[in-house]
Amino acid sequence: MFNQLTTFQRGAIQFLFGSIAIAIVALVSLYTQGPLAPTAFACLVAILLFSMMGSVIASMALATVSVVLLSYVLAPRPFGFRIDDHQDAMMVVAFFIASMIGAHVIGRLREEREAARETAATLGRKAMDLHNNEKLWRAVFDHNPAMYFMVDEAGIVLNVNTVGATQLGYMHTELVGLSVLEVFMQDDREVVRKCIRECLASIGESRSWNMRKVRKNNSVLWVRASAKAMLGKDDKPIVLVTCEDITEQKRAEVALQRSEAHLARAQELSHTGSFGWNVATGEVFWSKEQFRIFQYDPETKPTPEHVLHRTHPEDKASVHETLRRAVRGEDFDHEYRLLMPDGSIKYIHALASAIRTASGDVEFVGAATDITAAKQSEQQLRRSEGYLADAQQLSRIGTWSWDCHRRSFAYRSAEVSRLLGFDPDEPVTLEAIRSRIHPDDLAAQQQVQRQAIEQGKGNFEYDFRICLPNGSIRYIHSVARAVSRSDGSVELIGTHMDVTEQRVARQQLESTVIALRESEQRFRDYAETASDWLWETGPDHAVTILSEHTGAVGNLAAGLRGRPRWEIALDAEEEPEKWRQHRAMLEERRPFRDLVYRTVNTNGSAIYVRTSGKPLFDEAGKFLGYRGVSSDITAHIRADQAEQQLRKAQADLAHVTRVTTLGELTASIAHEVNQPLAAIVSNGEACLSWIAREAPDLSAARKSVEWIINDAIRASEVIRRVRALARKRDVEMVSLDMNDVINESIALLKRELANHRVTVRTVLAPTLPPILGDRVQLQQVIINLIMNGIEAMQAVDYTTRELLIQSLSDDMGRVQLSVTDCGVGIAEEDRARILDPFFTTKTSGIGMGLTICRSILEAHGGHLSIARKNGPGATIQFALPVAS
């Protein structure tokens, strides 16, 4: 706008001064009455001169004004601006055209001159700017912190900046003309040649590489080189090489790599992996050691699910809870277990701290340590501590450390507290300790502490007694060593051993030695007077040593010397298998026990000998013979034979008693047999009548036959029971139900009970455990007791004759049976003798019934007794053990 205003002002001034000049020319022409041509020429000159001021419009306006003035000058005076002469009119027109063309041409020339002037000024400015830029870029080239090299196709340095030359320790002139390869390490020069060739092959494309350069002083620096080829003068290619000093960066990179290697090695050695977890994005980072701990492929992209997949099933709930707290941004410190694919278990300690990233996300950075070895060591330590504590408790040895200056325990094991009678978890005062030490031993304890403080070293061994709160005395043997600490204090480190049992055992041993000596003398006396004798044989089993005896046994022993025992045995031919096995056992060098054989003494009397022996070997394992003891068991054998004869006699007596009882029950038995026989006859006749009909009733006949069979079975069962009681046979111990034996016995006595108007009431336990016994003998006992009850109620007329039979399981787990009558009872003076042999209160009895019953029950492991009863009658009961 400023330029437009200036142009307008310049045009107005041009027009003003031009108008004045033209007016002056017109006035002069009017005054002189000069011709038109000079006036027009003067106006044209004025227009052209003022046209050089630059405004074409002002020049045109001046031309117009000039035409108006010329018309006024040429026109007749009365008429004003009128030109009558055509020649003048043409001249005015030519003047106007000429002035317009001249003004235009002068304007164009002036514009071109202004344009040329501006162009020259612009070129001058550009040349100055180019010069300044060249100086600036030269300064930049020389002082740029990067190194610049300009080399030709052959690698010759054409130019280098000052920084590049200075950093390499050269002058600018020393590098120009030198091969660029000279400033690179020998090992890297081939790479440089290759890069220059690639740059020359692709003009305008850059190449970059990292390599080492060598300074003039042979020191090395790392550079990041970028090369680019371009065309220079005469279209010859040049290569511009830019080198950035990355020595510090390379050192930092090497240091970082070393640090990472050290960290990886440290993590490997410490079994600690590091991890990162962005809660918002779920992105997880694991270190190499973390992958090794969890045994995943390092190429695996880790997620929290990988942790849960390895977590031990029992710890997954706690790990889930830890992850939930972590999502809320809470730090965590957690221990859990991993269950590895091979079934092994690892213990992990995970520790992480939450940080907030620039984007506001919560990210955890932490470490996971494999503490399996530590856990195992801890468990082993706990086991060792447990073993030590158990060993101390079993051996009754406690360890302790006593601070002699503070006069308190620096350490005491649980066993020491137990020995002193204190709680291991409670502190113990000096007064409490002194109160437990026997007053007579307290001075000796204090003397040991004084010596330890004075000497500062040395070993001590002493005994003292502990008085426990319950009044018992405990004997302690202590071994200690004095140790001086760096602060000048003295500690006694030692052990307390409970030797109470050893002391008691020593006293008992002393008493035992005395008792042993006395016992040895007693045994010697006994051996010299007893029927047992000691013997030894050689390798040929001939007797070599015999203890000295007198009497019949001594005569036998004297005859045995120098002979094997089978040469004096009378049963060698009777029992050859026994002696064959015995001699085979001797050949196998095995011990034998309780060999019984029969022989005679020097008096010709038969005796029985029981002998036992064991083989003897020397230290080299050579067989020396046998050593043993023999006993005269003639009396035992004869007693056993007498007992067997007695048992046979008892069995015969029991059999006689049963037969006698059966004789007394003949009428009852006959009745029991006649009943089914009569029924058989009646049913047989009925069957014949059913068949004899014109239309035989086979169904009724079949029913009659079935009744005949049932009655025959009844008669057969009665006969079987009678035969079982009457038959003489061996004892058969089988599992029995006592209630079944009772019912079978009652069945045999039904007729006898009815004849004597006796009612039987049974109260039998429904579930009795089985017993082990002989059915016939137990039936004999029950029948005898029932018959005694029937006979006891013969004289009773004033009440109902009722016999009560009960069975039950008593408090001792035995099966008990009782028979209660309401007869005359047992007199008090007869109660003690009622079970004796041949004692009876009946006029016709022999007094052996209850005695036989007692013998049978005792043979069964039972017991027969008379129970006291209020009121008339008597109760006899017995109890038998259950079958095991």
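Owing to the predicted nature of the structure, the values given are computational and were not obtained by experimental measurement. (Residues numbered from 1 in each chain as written. Predicted model: local features only at pLDDT ≥ 70, side-chain atom pairs only at ≥ 80, totals over all residues. Heavy atoms only, no water.)

(A) How the structure looks around the overall build of the chain. When its secondary structure is counted, the chain shows 25 helices and 27 strands. Accessible area of the chain: about 52200 Å², with a carbon and sulfur share of 56%. (Helix = DSSP H or I, 4+ residues; strand = E, 2+ residues; numbered from the N terminus. Areas by Shrake-Rupley, 256 points an atom, 1.4 Å probe, with all protein chains shown as cover.)

(B) Expanded view of the sheet that holds strand 20 (residues 623-632). As summarised here, the arrangement of the 5 strands in space is 17-16-20-19-18, forming an open sheet in which the pairing is antiparallel. With one partner strand each, in any of the chains shown, strand 17 (543-546) and strand 18 (592-600) form the two edges of the open sheet. Within this sheet the neighbouring strands show an average axis-to-axis angle of 30 degrees, counted without direction. Pairing of strand 16 (residues 532-537) with strand 17, which is carried by 3 bridges, proceeds in the antiparallel orientation. Bridging from a neighbouring strand, Glu-536 pairs with Ile-545 of strand 17. Across the sheet, helix 18 (residues 576-587) touches strand 18 and strand 20, and the angle it forms with strand 18 is around 130 degrees. (Pairing = 2+ DSSP bridges. Axes fitted to C-alpha atoms, helices over the stretch in contact; angles between N-to-C directions. Contact = heavy atoms within 4.5 Å.)

(C) Geometry of the pattern of salt bridges. Per the counting criterion, the structure on display carries 32 salt bridges. In this structure, the salt-bridge partner of Asp-441 is Arg-465, at a minimum N-O distance of 3.0 Å. With Asp-441 in helix 15 (residues 439-455) and Arg-465 in strand 13 (residues 459-467), this residue pair connects regions lying 24 residues apart in the sequence. Given a relative accessible area of 12%, Asp-441 falls into the buried group. (Salt bridge = Lys/Arg side-chain N within 4 Å of Asp/Glu carboxyl O. Buried < 20%, exposed > 50% of the residue type's maximum accessible area, 1.4 Å probe, protein only.)

(D) Expanded view of the packing of aromatic side chains. Counting across every chain of the model gives 12 aromatic pairs. Members of the aromatic cluster, each reached through a chain of ring pairs, are Trp-535, Phe-592, Phe-617, Phe-623 and Tyr-626. In this arrangement the basic side chain of Arg-565 is found over the ring face of Trp-535, its NZ or CZ atom lying 4.7 Å from the centre. Directly above the ring of Phe-623 sits Arg-589, whose terminal nitrogen or CZ lies 3.9 Å from the centroid. (Phe/Tyr/Trp six-rings, centres within 6.5 Å; stacked < 30°, edge-to-face > 60°. Lys NZ or Arg CZ within 6 Å of the ring centre and 35° of its normal.)

(E) Region of interest: helix 7 (residues 189-201). Its 13 residues place the ends of helix 7 18 Å apart at the C-alpha level, agreeing with the 18 Å of an ideal helix rising 1.5 Å per residue. Restricting attention to buried positions, one finds in helix 7 the residues Arg-189, Val-192, Cys-195, Ile-196 and Cys-199. Each buried residue of helix 7 sits inside an arc of 120 degrees when the element is viewed along its axis, so together they form one side. In this fold, the buried residues of helix 7 make contact with strand 3 (206-214), strand 4 (220-231) and strand 5 (237-245). (Expected span 1.5 Å × (residues − 1). Arc of directions from axis to C-beta.)

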